[in-house]
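Below are the chains, spelled out letter by letter.
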Amino acid sequence: MLKITRFTCENLEKACVTDESRPRFSFSTESDRPGAALRSARIRVNGWSVETTEQIGIPYSGPALKPFTVYEATLEVADDAGETDRRTVRFETGRMGTPWEASWITDGSYTFREKGTSPIPMLMRKRVTPGKPVASAKIYATAMGIYELELNGKKVGNRYFAPGFTSYRHRLQYQTYDVTDLLEAENTLTAVVGGGWAVGAFVFTRVNRVTADRQALLLELRITYTDGTTEVIGTDESWDVTEDGNYRYGDFYDGEIYDATVDPGQIRWRKAVCEKLRVKPVILADCGAPVIAHERMTPIGCTKMPDGTLIYDFGQNFAGVVDLRLNGKRGQVITVRHAELLNPDGTLNTKFLRTAKATAVYTCVDGWQHYSPRLTYMGFRYISVEGIGESDIQAAALALYSDVEQTGDFECSNAMLNRLQQNILWSSKSNFVDIPTDCPQRDERMGWTGDIAVFSPVACYNFDMSRFLNKWMLDLQAEQLPTGGVPNTIPRQGFGFPATMPVMAVDWWDDACILVPWNEYQARGDVEILRKFYPGMKKYLKACCFWAGLLSFGKHRYIWNTPGILHFGDWVAPDVPKMSQWQARAKWTATASLKNCSALTAKIAGILGETGDAAYYRSLSEKVADAYCSILTDGSGKLLEEFQTAYVLPLHLDMFPNGQVKANAADNLVALIRKNDYCIGTGFPGTPYILFALADNGHADTAYRMLLNTKCPSWLYQVKMGATTIWERWDGLDENGECPIGDDGTDIMISYNHYASGAVGDFLYRRVAGIEPIEPGYRHFRVAPLPGGGITWAKSHVRTPYGTVSVHWTKEENRFAIDVTVPMGTTCTLQMPDGTVEQLPCGSHHRTSSEGRSL
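Residues numbered from 1 in each chain as written. Predicted model: local features only at pLDDT ≥ 70, side-chain atom pairs only at ≥ 80, totals over all residues. Heavy atoms only, no water.

**Student:** If you had to explain the overall build of the protein to someone new, which residues and values would you point to?
**Tutor:** Helix and strand counts for the protein come out as 15 helices and 46 strands. Across its three principal axes, the protein shows a C-alpha extent of roughly 80 × 70 × 60 Å. Within the protein, the proportion of its 855 residues that are buried is 61%. Considering only intrachain contacts with a sequence separation of at least 6, the fraction spanning at least 24 residues in the protein is 72%. Surface summary for the protein: the accessible area is close to 31300 Å², and the carbon and sulfur share equals 49%. Of note, the protein has its 88 positive side-chain charges centred 3 Å away from the centre of its 99 negative side-chain charges. (Helix = DSSP H or I, 4+ residues; strand = E, 2+ residues; numbered from the N terminus. Buried < 20%, exposed > 50% of the residue type's maximum accessible area, 1.4 Å probe, protein only. Contact = heavy atoms within 4.5 Å. Areas by Shrake-Rupley, 256 points an atom, 1.4 Å probe, with all protein chains shown as cover. Lys, Arg positive; Asp, Glu negative; His and termini not counted. Charge placed at Lys NZ, Arg CZ, Asp CG, Glu CD.)

Take a look at the structure:
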């Protein structure tokens, strides 16, 4: 039977509110009939219809959509056997440029000039009395700062940290809330507005007031009555405002202070004033993935310290907030601190938080009560609780991260690899908090481009990253310098290096402007993400070529050799101890970056029909590869200065001139690895690719020895030491469970929840399970498992735009068996370990091989 399994508008199956004039639709189907093929599909909406066999990113091209309107799109499909199915999806248009019938408001009497901290949260309110029977009521809201809404004491919506983190100088999101069911005859609408990213302290230098001098709110309540008329109640000077509410403080690094004894009916209120913002961003409907509460975490143990402090262990490192039930007395103060590690004496290790206090303080009323912070989040496994006895507290926590749907999983016969996969997932969740951050705990939590650049392939296996990455890439596009350089953190939001330099470009970090759209395109097959960001790719490569060619001649023009301090180089490579030594390797990493980016941009140009550009960038990539081999090697596959990353990058990026030279280079890499006792020696640029460089060049055995190594530094050393997330530093803990990192120039840079080296997950999917796209979006894909390391079975699922690919293989002595599910609308090339190749149509397939023969 033919069935539509998914039908989306703007990559959402429900709750889509868009300002797009041409929203785009996608769908997937399935059939229990082997080999079934889609014959036709028709989409109808707003009097427009289109017949198509495409399934991804089908644009609406009908009559102009009206703002503030709910539409229903209908999809009808038929297959080659005449079977049919039908499905609908609703979407809603937002403001679509409609002028706001509201003003930005703030507390005109509030001034905030303290450095390194965040403002007191503002509480704003408006009393609302509908004049007639109500058909519907919706709120459209945004803020400078972060806001929380309540209507008649009930929270509006389920998201945290609205309106989200964007490049506020350029783009600001607004949210839409249906409050019809919350509206009563007499209503009180309240908004708490904290400093957030726009006004509060941000980046490790703790700069504040980057975008605004104080918080401000912009909101409309649009009530549609049953007689068809509409009333708009907007923010203006009739609203009340105060800083004397329950929320006494809110800061992403330091935490939150909440006083439950405050009665909003008994505090001083003032009239709001209209605020003139320092910036004039375009205000658009929310286009990302909102931060919401996901898993509810419960502690696996509680220890009472001699001073009465309670230490709770949640058994998992994660990003989120506590969720507490407390039996207290009026005025009783409860203090909760957070940390990833414990000290040897059992107390919290807060040293690695640097200046972040990561503390929540709650003042009780009488009786049982509930508290969970709303204006902050922490990265932690452990909490300490002071001011209450164990019998009077029920401790739990909520994992907070963007609403990215998990689309992939991996499991195998090796329990430590399974734990590694879970660590990758949890570090992803912990750092997908409205933007792709580096870490969730210390005074940073910034959108470092290098981390997501190298991690995006595995991110796109594990999650549907479409809306999340598109939103972030729009900010990267907005903040890219006119000369092509890209700030190292997006949004930049107060961080200076190297955005203050005229044409700066930084290898692998700024490569995100190419790598992230490319990897998302491979996973989802939506060419629009390439088209949208292609101009920025060209600008970036122009900057790279400028820096590489500066004061250089001949082949040296293609060796990117600007001073190491302007690069990150082989960042956190464990074979050299100092930051300056990582940066000194920039000549190798930057040149490989230039080759990789130019080669990818050549492919992208070809896809977009830019044939002239494609030829230019292809030639550029060849010249860079030739320069690397001519200048940095002996010409026969040996680096003049040897280290793992210097071999890994040219091997994986196919930079060597012929097969023999490449084989020599692979042998030389293996020799380095053996000398290093099969431990990892690569930093950020090399780590994602080292196992591929080995396995794809005849050294799968060495790749598996590295993958399964439990000595430090290695992926499974972290697992052996009890890690539940990926570490920033390979040597984050020694065998005694203590951090050995000394003065390496990084200012105590150690995070235990940092996904970058979890890029190894790409190898788990592509080589261990064997799943990888050949055509974007998996329209055609390969299944080619590479068994090794004593692994006797592996299984994986990847939900593609066409449906779910699944693979399950087993290996017993000389017998190999595999089950493969091929989604409707796709084809699969199955390559067995014995070399047999077969083309598989949609459906479920079982194959075996024995003693070199397929059965």
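**Student:** Explain the side chain of T682 to me, and be specific about the residues and the numbers.
**Tutor:** By the secondary structure assignment, T682 is in the loop between α11 (659–675) and α12 (690–695). A polar contact is formed between the side chain of T682 and the side chain of T687, at a distance of 2.9 Å. Apart from the residues lying within four places of it in its own chain, the contact partners of T682 are D570, V572, A573, P574, Q644, T645, V648, T687, I690 and W730. (Polar contact = N/O pair within 3.5 Å; in protein donor to acceptor, adjacent residues only side chain to side chain.)

**Student:** A description of a nonpolar patch on the surface should follow, citing residues and the corresponding values.
**Tutor:** On the surface, F546, L550 and L551 cluster together to form a nonpolar patch covering roughly 340 Å² of accessible area. Summarising the element assignment, F546 is placed in helix α6 (residues 528–549). Overall, F546 belongs to the partly exposed group, its relative accessible area being 43%. (Patch = residues over 30% accessible without salt bridge, like charges linked within 9 Å, V, L, I, M, F, W, Y side chains within 5 Å. Salt bridge = Lys/Arg side-chain N within 4 Å of Asp/Glu carboxyl O.)

**Student:** Can you lay out the packing of aromatic side chains for me, pointing to particular residues and giving the numbers?
**Tutor:** Across all of its chains, the model carries 52 aromatic pairs by this definition. Ring centres of F204 and F495 lie 5.6 Å apart, and the angle between their planes is 70°; this geometry places the pair in the edge-to-face category. You can see F204 sitting in the loop between α1 (196–199) and β17 (216–225) and its partner F495 sitting in the loop between α4 (466–479) and α5 (512–524), a full 291 residues away along the chain. In textbook terms, an aromatic cluster arises when at least three aromatic residues are bridged by ring pairs, as seen for Y160, F161, F165, Y168, W197, F202, F252, Y253 and Y377. (Phe/Tyr/Trp six-rings, centres within 6.5 Å; stacked < 30°, edge-to-face > 60°.)

**Student:** Account for unusual backbone geometry, naming residues and giving values.
**Tutor:** A162 connects to P163 through a cis peptide bond whose omega is 10°. For P163, the position within the fold is in the loop between β14 (159–160) and β15 (171–178). Of the consecutive residues I490 and P491, the connecting peptide bond is found in the cis state with omega at -10°. Here P491 is to be found in the loop between α4 and α5. The backbone phi angle of M96 is positive, close to 50°, even though this residue is not glycine.

**Student:** Quick rundown of the pattern of salt bridges? Include the residues and the values.
**Tutor:** Inspection of every chain in the model, using the stated rule, returns 61 salt bridges. Taking the shortest distance from any N to any O, the salt bridge between D475 and R171 comes out at 2.6 Å. Of this pair, D475 sits in helix α4 while R171 sits in strand β15, and the two are 304 residues apart along the sequence. Accessibility assignment for this pair places D475 and R171 in one class, buried.

**Student:** Explain the sheet that holds strand β10 (residues 122–128) to me, using residue names and the numbers behind them.
**Tutor:** With respect to topology, six strands assemble into an open sheet ordered β13-β12-β16-β10-β19-β22, the strand pairing being antiparallel. Of all the strands in the sheet, just β13 (154–155) and β22 (270–271) have a single pairing partner and so form its edges. Inspection of the sheet shows strand β12 (residues 146–151) paired to strand β16 (residues 187–194) by six bridges, in the antiparallel sense. Bridge pairing links I146 to G194 in β16. (Pairing = 2+ DSSP bridges.)

**Student:** Describe the confidence of the model for the protein, with residues and values.
**Tutor:** Confidence in the prediction of the protein, expressed as mean pLDDT, is 96, and 98% of residues score 70 or more. Low pLDDT (under 50) marks residues 851–855, which in the prediction has 13 contacts with non-local residues, meaning those over four places away or in another chain. (pLDDT = per-residue confidence, 0-100.)

**Student:** Before we move on, could you go through the sheet that holds strand β1 (residues 2–9) and cite the residues and values that matter?
**Tutor:** The antiparallel open sheet is built from three strands, whose spatial order is β1-β3-β6. Where the open sheet ends on each side, the last strands, each with one partner, are β1 and β6 (58–59).

**Student:** Hey, could you go over the packing of helix α3 (residues 449–462) against α5 for me, with residue numbers and the actual values?
**Tutor:** Running from N to C, α3 and α5 cross one another at 10°; their axes reach a closest spacing of 9 Å. The angle between the axes of α3 and α5 places the two elements in the roughly parallel class. Within the contact between the two elements, α3 uses T449, I452, A453, S456, P457 and C460 and α5 uses A512, L515, V516, N519, E520, A523 and R524. Considered class by class, the residues forming the contact of α3 with α5 number eight nonpolar, three polar and two charged. (Axes fitted to C-alpha atoms, helices over the stretch in contact; angles between N-to-C directions. Parallel < 35°, antiparallel > 145°, perpendicular 65-115°, else oblique. Nonpolar A, V, L, I, M, F, W, Y, C, P; charged D, E, K, R; others polar.)

**Student:** Could you give me a rundown of the side chain of D19, with the residues and numbers involved?
**Tutor:** By secondary structure assignment, the location of D19 is in the loop between β2 (16–18) and β3 (24–31). Buried within the structure, D19 lacks any salt-bridge partner; R95 is the closest side chain of opposite charge, at an N-O distance of 7.0 Å. Among the polar contacts made by the side chain of D19, one reaches the main-chain amide nitrogen of R95 at a distance of 3.1 Å. A distance of 2.9 Å separates a polar atom in the side chain of D19 from the backbone nitrogen of A285.

**Student:** Explain helix α13 (residues 700–708) residue by residue, including any values.
**Tutor:** Those residues of α13 that fall on the buried side of the exposure criterion are A700, T702, A703, Y704, M706 and L707. Residues of α13 that are buried make contact with α2 (415–431), α10 (644–652), α11, α12, α14 (715–720) and α15 (761–769).

**Student:** How would you explain the nonpolar core if you had to name every residue and give the values?
**Tutor:** Grouped burial of nonpolar side chains is what soluble globular proteins tend to show. Core analysis: the biggest nonpolar cluster contains 268 residues, and F25, M144, F161, L420, F432 and L707 have the highest contact counts within it. Sorting elements by how many residues they give to this core places α6 first, with 11 residues. Dropping the residues within four chain positions of it, L707 is found in contact with L417, L420, L691, W715, L716, V760, F763 and L764. Formed by eight residues, the second largest nonpolar core is a distinct cluster that contains F352, Y717, I750 and Y752. (Core = buried A, V, L, I, M, F, W, Y, C linked by side-chain atoms within 4.5 Å.)

**Student:** Quick rundown of the packing of α5 against α6? Include the residues and the values.
**Tutor:** Packing of α5 against α6 leaves a shortest axis separation of 9 Å and a crossing angle of 155°. Regarding the angle of α5 to α6, the classification is roughly antiparallel. In the packing of α5 onto α6, the handedness of the crossing is left-handed. Side by side, α5 and α6 meet where C513, I514, P517, W518, E520 and Y521 of the first sit next to I529, L530, F533, G536, M537, Y540 and L541 of the second. (Left-handed = near helix turned anticlockwise from the far one by under 90°.)

**Student:** Hey, could you go over α15 for me, with residue numbers and the actual values?
**Tutor:** For α15, a buried count of nine out of nine residues is recorded, marking the element as mostly surrounded by other parts of the structure. Among all positions in α15, only G761, D762, F763, L764, Y765, R766, R767, V768 and A769 are buried. Just downstream of α15, G770 is the residue with a positive phi angle, here 95°.

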